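Next come the chains, spelled out residue by residue.
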Amino acid sequence: MTDFDWAAFLREWSGELIGNEDIAGSLPPEVKASDWLGFPGASDEQIDRAEARLGKPLPPSYRGFLKARTAGAPQGSSSTGYGWSTDDIEWFRVRHQEWIADWQRGAAQYPPQDLDSDGHYLPSVLEISDVGDSAIYLMNPQIVAADGEWQAWFFSNWNPGAVRHRSFQELMVAERQSFLYVRDHRR
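This report concerns the structure included in the present document. (Residues numbered from 1 in each chain as written. Predicted model: local features only at pLDDT ≥ 70, side-chain atom pairs only at ≥ 80, totals over all residues. Heavy atoms only, no water.)

1. Here we look at the overall build of the chain
Looking only at helices and strands, the chain has nine helices and five strands in total. Looking at the chain as a whole, 48% of its 187 residues qualify as buried. By sequence separation, contacts in the chain at least 24 residues apart represent 58% of the contacts at least 6 residues apart. In the form shown here, the chain has an accessible surface area of approximately 9,600 Å², with 52% of it arising from carbon and sulfur atoms. (Helix = DSSP H or I, 4+ residues; strand = E, 2+ residues; numbered from the N terminus. Buried < 20%, exposed > 50% of the residue type's maximum accessible area, 1.4 Å probe, protein only. Contact = heavy atoms within 4.5 Å. Areas by Shrake-Rupley, 256 points an atom, 1.4 Å probe, with all protein chains shown as cover.)

What follows is the structure in structure tokens.
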């Protein structure tokens, strides 16, 4: 993956979100004035501590994102919660055993699925956002590209499976495009 300018990408997206009437109405005046959603980027030390706690190095595009912003990731829709900080990212199984069990029970009612099914991976994916409207951003360290990027997911209760992207960067670009599409078609 080529170098991606997360700071510019997030600054533009923050401006687009703040400029959206539906979102702007719920923001404090100082956030609107700053034209920036979120917090300062994480340090290398904070990212290193998160990787040590998780027992795995994080993928390059997600590391770049964390350096640009620690939390408050822009939302492509109102479905997902805000992005976690380096202190809050955690394996999905730690906070969501019930969700995993429900998903696996539902999958068991259908013919056997291949090992590439979402239910197979759920216990090992990394939770990188809060849950919004029954949707969350996840990353799968079991599917890693040659450049070290983990597969990134938009995972929700209403989809038959995860919406998968090759990397976190591609997930965020798709989420921004989704936001812009909805914004432009509501007019």
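What follows picks up the thread again.
2. Quick look at the pairing of strand β4 (residues 150–156)
Across the seven residues of β4, seven count as buried, placing the element largely inside the fold. Alignment of strand β3 (residues 135–144) against β4, held across seven bridges, turns out to be antiparallel. Along β4, the bridge assignment pairs Ile-136 with Phe-155. Turn length for the β3-β4 hairpin, with the two strands adjacent in sequence and antiparallel, is five residues, and the turn residue Gly-148 shows positive phi of about 90°. When β4 meets strand β5 (residues 163–165), the two strands line up antiparallel, connected through three bridges. Along β5, the bridge assignment pairs Phe-154 with Val-163. The hairpin turn running from β4 into β5, its antiparallel successor, is six residues long. (Pairing = 2+ DSSP bridges.)

3. Topic: the pairing of β3
A large share of β3 lies buried, amounting to seven of its ten residues. In terms of strand pairing, strand β2 (residues 126–127) meets β3 through two bridges, oriented antiparallel. Its bridge partner lying in β3, Leu-126 is registered against Met-139.

4. Some remarks on helix α9 (residues 168–185)
If you check α9, its first and last C-alpha atoms are 26 Å apart, about what 18 residues at 1.5 Å a residue would give, namely 26 Å. Looking at the buried side of α9, the elements it contacts are α1 (6–18), α2 (21–24), α5 (60–68), β3, β4 and β5. (Expected span 1.5 Å × (residues − 1).)

Remember that the coordinates give geometry; whether it matters functionally is a separate question.
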